[in-house]
Amino acid sequence: MEEIQVVVGGAARTVPRGTTPADILGSKSKALAARFDGRPVDLDRPLTGNGALEPIDPGSSEALEILRHSTSHLMAEAVRALFPGVKVSIGPAIETGFYYDFDYDKTFTPEDLPRIEREMARLMKRNHKFTRQEIPRSEAIALFTDMGEPYKVELLEELTDDTVSLYRQGDFVDLCRGPHIPHSGRVPAFKLLSVAGAYWRGDENRRQLQRIYGTAFFTKEELDQYLHFLEEAKRRDHRRLGRDLDLFSIHDEVGAGMVIWHPKGGLLRMLIEDFERQEHLRRGYQIVVGPQILKTALWERSGHYDNYRENMYFTEVDGIGYGIKPMNCLSHMFIYKSRIRSYRDLPQRYFELGVVHRHEKSGVLHGLTRVRQFTQDDAHLLCRPDQVNDEIKGVIDLVIDVMNVFDFEYELELSTRPEKSIGSDEDWELATLALRTSLEEKGLPYQVNEGDGAFYGPKIDIKLKDALGRRWQCATIQCDFTLPERFDLTYMGEDGQRRRPVMIHRVILGSIERFIGVLVEHFAGAFPVWLSPVQTILLTVTDRADDHARMILNRLRAEGLRVEADLRNEKLGFKIREAQLQKIPYMLVLGDEEVEAGGATVRARSGEDLGFQTIDAFIDRLRPEAARPRFG
RNA sequence: GCCGACGUAGCUCAACGGUAGAGCAGCUGAUUCGUAAUCAGCAGGUUGUCGGUUCAAGUCCGACCGUCGGCUCCA
């Protein structure tokens with residue numbers, strides 16, 4: 001009998017060819033699958049060559065992915081059993097669970113989910129094995145054609161391999177690369193979550209299928225924890241908190257995707273915007289302002305008309321077409337062009353809190369995070385080619401500093417040329433290289449998204465991570481060789497020759513609206529003191545403390561602190577509850593004792609009792625927390 | 001834009017095709033109270049809009065508007 005060498009846990013073993021990982025790992029192993037020579041394999045997959053074997057044990061992210069993938073097969077089996085005639089398509093594991101897309105003439109409703117769950121539980125009890133089978137592709141095509149599964153056939157027809165693998169559990173067969181858990185009895189905890197439409201292969205021109213989302217975990221506790229996380233996310237939803245904290249509102253009478261900022265939200269914006277203005281001035285930016293509408297002819301020249309028209313609004317003034325700006329770059333180029341620039345003048349850094357309008361498809365609008373009018377903390381840097389690298393690194397530094405100020409973690413992504421784009425191959429290569437080099441030199445890890453760039457240039461996107469680990473696109477740095485060309489921007493070089501500057505588009509927070517939405521959810525509405533619309537509230541126990549409260553109110557206001565007083569004839573517990581729900585950082589309790597002692601008893605938003613303090617002591621405590629952050 | 005669900009008082013939600021209701025919030029009054037809800041009373045609505053079916057529509061049908069969950073797109 002032929003033998004093979006398998007390395008397990010550092011020790012080499014010689015076993016007969018065809019031995020399975022399960023045989024080698026032994027019956028005590030908890031593994032769900034294994035990794036052989038780096039490739040995930042089923043436990044019952046006969047090994048045919050030498051290699052290193054590692055178990056994939058529950059608890060690893062890889063095991064979770066396999067579990068969820070197998071659960072999606074189990075769900076597909078249940079759906080097939082309950083809804084005869086349903087066509088299956090694909091069902092992968094995703095970050096939060098899994099889904100499976102079906103084509104069925106009736107639509108699934110949320111009420112179907114418990115039924116499907118029960119069927120899954122029933123099927124699970126049969127402990128069906130997931131068995132792998134390898135057959136020629138042509139045979140698989142014939143098989144799925146006979147089964148009336150056109151989506152599988154389409155997938156098979158696009159594969160180039162000669163053999164493909166099928167997985168069976170019970171009566172259910174699916175085209176699948178695997179691996180899977182040994183049998184369907186090993187799904188400890190799962191739940192189906194929602195139904196939604198999804199285009200076949202993500203293409204909006206193709207048939208829309210019905211997607212069922214679910215999730216699975218190794219323990220009931222982890223599942224409960226995840227469901228609790230969903231609850232927590234709901235509790236933090238900025239749309240709810242935005243109303244409860246009286247920050248903003250959106251009305252259908254006004255228009256979808258149009259935000260109205262209330263006084264507290266307006267204040268929050270002002271605090272963030274002032275912080276940004278100061279920080280940009282400090283870093284050598286100049287503050288500029290451009291018009292809201294610019295002639296359509298200009299958008300034609302810039303390429304926006306050809307590439308971005310469907311997202312723009314147009315109007316007419318005195319018979320001449322105008323486009324409402326969806327981006328701020330055009331007027332910035334006119335600032336540059338307003339005089340002759342020397343190589344000594346560069347870089348020019350124009351910063352604008354620019355209000356832009358974009359016609360987003362109705363179905364994508366969402367609270368503050370997806371709107372049709374928003375303010376960008378936008379800047380355009382015009383520099384010499386030899387300055388690009390330093391400029392990009394400067395922007396990355398700014399992004400990192402700002403992310404730290406707002407207490408966010410972040411991830412970096414490099415996006416390359418999309419299909420719909422303008423400019424020469426050479427320029428694209430150069431620009432992409434410039435971004436890549438800057439990232440490398442900063443020593444920052446990043447992920448590459450092929451074809452995800454803007455139509456005028458490649459970009460670095462910064463995805464921030466909020467307190468619940470969700471990722472949001474905010475900052476983006478885009479390199480552009482095209483617009484300077486189209487608008488014939490030049491500078492006088494050292495040698496007296498006209499040269500072409502490079503343009504870098506960048507935002508830090510991105511959209512102020514979206515950023516505030518994310519900020520609200522990140523802090524669950526409990527903003528740091530410097531961003532809290534109300535920093536301190538004075539709570540009187542009886543009206544005997546009213547004069548004392550008024551005196552403190554004036555003192556704190558004179559210090560530039562944001563204070564309110566609750567002098568209503570209500571019980572202290574009631575006032576505390578309201579202040580707590582408003583997430584006000586400090587509550588000063590004022591009763592007879594405090595009037596007598598000439599101070600206040602301080603309660604923090606955390607519930608912590610900070611005891612009696614004099615007003616001076618309280619001001620000393622609050623002042624540093626209330627100050628706008630500074631660097632350096 | 002597409003698929004699905006939904007739209008009733010400021011908010012959260014009830015009401016079989018047969019007189020639109022509750023809690024919270026609001027207003028008025030009483031209560032002077034010590035760390036997350038004091039009590040009582042009052043008021044609050046063209047049931048998203050428009051059209052249709054019906055003796056009768058919040059309820060059934062259609063269109064539109066909007067919201068929510070996704071898809072596609074994206075700051």
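It should be emphasised that the depicted structure is a prediction, and the values quoted were computed from it without experimental measurement.

1. Considering the pairing of strand β21 (residues 373-383)
Along β21, 10 of the 11 residues are buried, which leaves the element largely enclosed by surrounding structure. With 10 bridges connecting them, strand β20 (residues 348-357) and β21 associate as antiparallel partners. Among the inter-strand pairings, Val 356 is bridged to a residue of β21, identified as Phe 374. Examined bridge by bridge, β21 and strand β28 (residues 502-511) share 7 bridges and lie antiparallel to one another. Within β28, the position partnered with His 380 by the bridge is His 505.

2. Digging into the packing of helix α12 (residues 388-405) against helix α13 (residues 425-442)
α13 packs onto α12 with a crossing angle of 55° between their chain directions and a minimal axis gap of 9 Å. In this view, α12 runs oblique relative to α13, as classed from their interaxial angle. The two elements α12 and α13 meet at a crossing, and its hand is right-handed. Between α12 and α13, the residues in contact are Val 388, Asn 389, Ile 392, Lys 393, Ile 396 and Asp 397 and Ala 434, Leu 435, Thr 437, Ser 438, Leu 439, Glu 441 and Lys 442, respectively. Grouping the constituent residues of the contact of α12 with α13 by class yields 6 nonpolar, 3 polar and 4 charged.

3. A closer look at the sheet that holds strand β18 (residues 313-317)
One open sheet holds the 3 strands; their spatial order is β17-β19-β18, and the pairing between them is antiparallel. At either margin of the open sheet sits one strand with a lone partner, and together these are β17 (293-295) and β18. When strand polarity is set aside, the average angle formed by the axes of neighbouring strands in this sheet is 40°. Bridge count for β18 against strand β19 (residues 320-324) is 5 bridges, and the pairing is antiparallel.

4. So, the packing of helix α2 (residues 61-82) against helix α3 (residues 112-125)
Packing of α2 against α3 brings their axes to within 9 Å, and their N-to-C directions diverge by 110°. Accordingly, the angle class assigned to the pair α2 and α3 is roughly perpendicular. Counting all contacts with α2, which are made through Thr 71, Leu 74, Met 75, Glu 77, Ala 78, Val 79, Ala 81 and Leu 82, the residues of α3 involved are Arg 115, Ile 116, Glu 119, Met 120, Leu 123 and Met 124. Classifying every residue of the contact of α2 with α3 gives 10 nonpolar, 1 polar and 3 charged.

5. Focus: the sheet that holds strand β5 (residues 51-56)
As summarised here, the arrangement of the 5 strands in space is β2-β1-β5-β3-β4, forming an open sheet in which the pairing is mixed. The outermost strands of the open sheet, each flanked by one partner alone, are β2 (11-16) and β4 (39-41). Averaged over all pairs of adjacent strands, the angle between their axes in this sheet comes to 35°, without regard to strand direction. Looking at chain direction, strand β3 (residues 33-36) and β4 are connected through 3 bridges and run antiparallel. Bridge pairing in β4 places Ala 34 opposite Val 41. Sheet strands touched by α2: β3, β4 and β5. Its angle to β5, the strand with the most contacts, is close to 70°.

6. Details of empty space enclosed by the protein
Enumeration according to the criterion identifies 2 cavities of 30 Å³ or more in this entry. A volume near 130 Å³ is recorded for the largest cavity. What lines the largest cavity is Leu 245, Leu 247, Lys 264, Gly 525, Phe 527, Ser 532, Pro 533, Val 534, Gln 582, Lys 583, Ile 584 and Pro 585. Looking at the lining of the largest cavity residue by residue, the class counts come to 7 nonpolar, 3 polar and 2 charged. Lining of the second largest cavity is provided by Ile 422, Gly 423, Asp 427, Trp 428, Ala 431, Tyr 456, Gly 457, Pro 458, Cys 479, Phe 481 and Thr 482. Per-element tally for the lining of the second largest cavity: the top contributor is α13, with 3 residues.

7. A few points about the protein's contact with RNA strand B
Around RNA strand B, the structure places 53 residues, and the nearest of them are Tyr 199, Gln 208, Arg 370, Gln 473 and Asn 569. Protein-adjacent atoms of RNA strand B, using a 4 Å cutoff, are sugar or phosphate at a proportion of 45%. Between RNA strand B and the protein, one listed contact pairs a phosphate oxygen with a side-chain N or O atom of Lys 459 at 3.2 Å. Between Asp 543 and RNA strand B, the recorded distance is 2.9 Å, taken from a side-chain N or O atom to a base oxygen. Sorting the residues of the surface near RNA strand B by element identifies β12 (189-199), β13 (208-217), α7 (238-244), β25 (471-480), β28, α17 (572-581), α18 (592-597) and β32 (599-604) as the ones contributing at least two each. Ranked by residues supplied to the surface near RNA strand B, first place goes to α17 with 7 residues. Here the surface near RNA strand B is composed, by residue class, of 16 nonpolar, 17 polar and 20 charged.

8. Considering unusual backbone geometry
Along the chain, Leu 346 connects to Pro 347 via a cis peptide bond; the corresponding omega equals 0°. Within the secondary structure layout, Pro 347 lies in the loop between α11 (329-337) and β20. A positive phi is found at Asp 407, a non-glycine position, where the angle reads about 70°. Its location among the elements puts Asp 407 in the loop between α12 and β22 (409-415).

9. Notes on the nonpolar core
Grouped together as the largest cluster of nonpolar side chains are 62 residues, with contacts concentrated most on Phe 406 and Ile 460. At 10 residues, the largest contribution of residues to this core is made by α12. Setting aside residues no more than four positions away along its own chain, Ile 460 makes contact with Ile 392, Ile 396, Leu 412, Glu 413, Leu 414, Leu 435, Leu 439, Ala 475, Thr 476 and Ile 477. Grouped together as the second largest cluster of nonpolar side chains are 40 residues, Leu 64, Val 79, Leu 123 and Phe 217 included.

Conventions used here
Residues numbered from 1 in each chain as written. Chains lettered and ligands numbered in written order. Predicted model: local features only at pLDDT ≥ 70, side-chain atom pairs only at ≥ 80, totals over all residues. Heavy atoms only, no water. Buried < 20%, exposed > 50% of the residue type's maximum accessible area, 1.4 Å probe, protein only. Helix = DSSP H or I, 4+ residues; strand = E, 2+ residues; numbered from the N terminus. Pairing = 2+ DSSP bridges. Axes fitted to C-alpha atoms, helices over the stretch in contact; angles between N-to-C directions. Parallel < 35°, antiparallel > 145°, perpendicular 65-115°, else oblique. Left-handed = near helix turned anticlockwise from the far one by under 90°. Contact = heavy atoms within 4.5 Å. Nonpolar A, V, L, I, M, F, W, Y, C, P; charged D, E, K, R; others polar. 1 Å grid on protein atoms, 1.4 Å probe; cavity = no way out; pocket = protein on both sides within 12 Å on 5 of 7 lines; lining within 4 Å. Points joined across faces, edges and corners; volume = space filled by probe spheres on them. Near = heavy atom within 4 Å. Polar contact = N/O pair within 3.5 Å; in protein donor to acceptor, adjacent residues only side chain to side chain. Core = buried A, V, L, I, M, F, W, Y, C linked by side-chain atoms within 4.5 Å.

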